[in-house]
Amino acid sequence: MSSKAKKRVVLPTRPAPPTVEQILEDVRGAPAADPVFTALAPEDSAGLAGGAEDTEAQREQLYQQSQAYVATNQRLRQAGEALRHKCEDLQRAGVELERGVGQVAQTALPAATPSG
């Protein structure tokens, strides 16, 4: 039997959405431990007074983390600049070394050639 031969099932019509009053009544009647209130709440919150203290502690922690981040970022920038300078110094030293090796080679090669 093909799928076209199957009879389509007629679904019932959707109910009307709830009114604002019905939604508010439902929310007011829900207990404080209802998942709608606790699903997004931090796990360690201990009431409103504890929540205010937690919020202050979180702010302080975020501030300390931000300060540490800024200080670390500044140290990294300084270290990067120091590495750039040292790299330039090494490149200059490499050029001078190659020049010196070339001079030594020129001085040593004419003396090493056999005359004869």
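Basis of the calculations
- Residues numbered from 1 in each chain as written.
- Predicted model: local features only at pLDDT ≥ 70, side-chain atom pairs only at ≥ 80, totals over all residues.
- Heavy atoms only, no water.
- Helix = DSSP H or I, 4+ residues; strand = E, 2+ residues; numbered from the N terminus.
- Buried < 20%, exposed > 50% of the residue type's maximum accessible area, 1.4 Å probe, protein only.
- Areas by Shrake-Rupley, 256 points an atom, 1.4 Å probe, with all protein chains shown as cover.
- Salt bridge = Lys/Arg side-chain N within 4 Å of Asp/Glu carboxyl O.
- Patch = residues over 30% accessible without salt bridge, like charges linked within 9 Å, V, L, I, M, F, W, Y side chains within 5 Å.
- pLDDT = per-residue confidence, 0-100.

## Some words on the overall build of the protein chain
Along its length, the protein chain carries three helices and zero strands. Listing every helix and strand of the protein chain by position from the N terminus yields α-α-α. Buried residues in the protein chain amount to 1% of all 116 residues. For the protein chain, the exposed surface amounts to about 11,300 Å²; the carbon and sulfur share of it is 60%.

## Here we look at the pattern of salt bridges
Applying the stated rule across the entire model yields three salt bridges. In this structure, the salt-bridge partner of arginine 84 is glutamate 81, at a minimum N-O distance of 2.9 Å. You can see arginine 84 and its partner glutamate 81 sitting in helix 3 (residues 47-112), three residues apart, about one turn around the helix. Residue classification places arginine 84 among the partly exposed residues on the basis of a relative accessible area of 48%.

## Comments concerning a nonpolar patch on the surface
A contiguous nonpolar patch, built from Ile23, Val27, Val36 and Phe37 and spanning about 360 Å² of accessible area, is present on the exposed surface. Mapped by element, the contributors of at least two residues to the nonpolar patch are helix 1 (20-29) and helix 2 (35-38). The class for phenylalanine 37 is partly exposed, based on a relative accessible area of 39%.

## Concerning the confidence of the model for the protein chain
On average, residues of the protein chain score 83 in pLDDT, and 81% of them reach the 70 mark or higher. Across the protein chain, the element-wise mean pLDDT spans from 79 in helix 2 up to 90 in helix 1.

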